[in-house]
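# Overview (structure and organization)
If you want the building blocks of each chain, they are given just below.
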Amino acid sequence: MSNGMEGAVNGWLQHRMVLDDLLALVDDENIHYRPWDGAMSLSELAIHIVTSTYMFVRGIKKGEFEAPPEETNYKTINDVRTIVQRYTEETKEEISTIFSYQMKGYIQFNKLRAPGTYWFSNAIDHEVHHKGQLFTYVRMTGVKEVPNFTRQPDEI
């Protein structure tokens with residue numbers, strides 16, 4: 001990765017890879033678990049995390065944001081894991097081809113005009129926020145031991 005994004009990618013992966021660890025603790029009976037009426041299900045939340053980050057990264061590259069992709073074709077936790085892994089790989093690839101001018105370029109989203117660097121940071125913050133929720137969901141399904149919140153640098 002020659003565009004100066006390697007450190008950012010590695011920092012992001014320290015968070016993202018924990019999704020795999022969390023989803024490894026979930027079985028098929030809990031993919032539709034919702035802690036309250038109106039909440040996203042466990043699987044919807046995991047998919048929201050990965051598709052939102054993908055949306056932000058693609059938007060930075062294109063100079064405009066589009067709605068995140070919809071992923072509703074899953075029946076098992078393995079299907080959800082596959083979706084998460086696919087978006088992780090696609091997002092890594094997209095990040096690796098972002099140029100500095102794209103990170104510096106301004107993009108309008110939700111009535112806010114800000115540079116790509118802001119939106120990239122926002123994407124990671126959004127992902128970390130929802131990952132914290134996913135930890136709670138997983139614990140509420142009865143899992144007693146959850147992974148660390150981030151992977152160590154030598155684990156990515």
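Right above here is the structure, for reference.
All of the points below concern the structure found in this document. (Residues numbered from 1 in each chain as written. Predicted model: local features only at pLDDT ≥ 70, side-chain atom pairs only at ≥ 80, totals over all residues. Heavy atoms only, no water.)

### Observations concerning the overall build of the protein chain
To be explicit about the condition: Strands are runs of DSSP state E lasting at least two residues, helices are runs of H or I lasting at least four, and both sets are numbered from the N terminus onward. Exposure is judged per residue with a 1.4 Å probe applied to protein chains only, and the accessible area is read against the type maximum: over 50% gives exposed, under 20% gives buried, and values in between give partly exposed. Residue contacts follow a heavy-atom distance rule, with two residues in contact if any of their heavy atoms lie within 4.5 Å. Reported accessibility uses the Shrake-Rupley method at a 1.4 Å probe radius. Residues are deemed covered only where the shown protein chains occlude them. In this tally, Asp and Glu contribute negative charge and Lys and Arg positive charge; neither His nor the terminal groups of the chain are included. To locate a charge, take NZ of a lysine, CZ of an arginine, CG of an aspartate or CD of a glutamate.
Counting its regular elements, the protein chain contains 5 helices and 2 strands. Secondary structure of the protein chain in N-to-C order comes out as α-α-α-α-β-β-α. A principal-axis box enclosing the C-alpha atoms of the protein chain has dimensions of 45 × 35 × 25 Å. A buried classification covers 43% of the 156 residues belonging to the protein chain. Sequence separation of 24 or more characterises 71% of the internal contacts of the protein chain that already satisfy a separation of 6 or more. Summed over all atoms, the accessible surface of the protein chain reaches about 8,500 Å², with 48% contributed by carbon and sulfur. Each charge sign in the protein chain was given a centre, from 16 positive and 22 negative side chains, and these centres are 5 Å apart.

### Some words on helix 2 (residues 42-62)
Each α-helix winds once per 3.6 residues, and so residues spaced three or four apart point in a common direction. For clarity, the threshold we go by: In this scheme, a helix's expected span is set at 1.5 Å multiplied by one less than its residue total.
Given a rise of 1.5 Å per residue, 21 residues ought to cover 30 Å, and the 30 Å separating the end C-alpha atoms of helix 2 matches this to within 8%. Counting buried residues along helix 2, 16 of its 21 residues qualify, which places the element largely inside the surrounding structure. Once helix 2 ends, the next one or two residues include Gly63, with phi positive near 85 degrees.

### Brief notes about unusual backbone geometry
Residues other than glycine seldom take positive phi values, yet Asn110 does so here, at roughly 50 degrees. Within the chain, Lys111 stands out as a residue other than glycine whose phi angle is a positive 65 degrees. Note on placement: Lys111 falls in the loop between strand 1 (106-109) and strand 2 (112-115).

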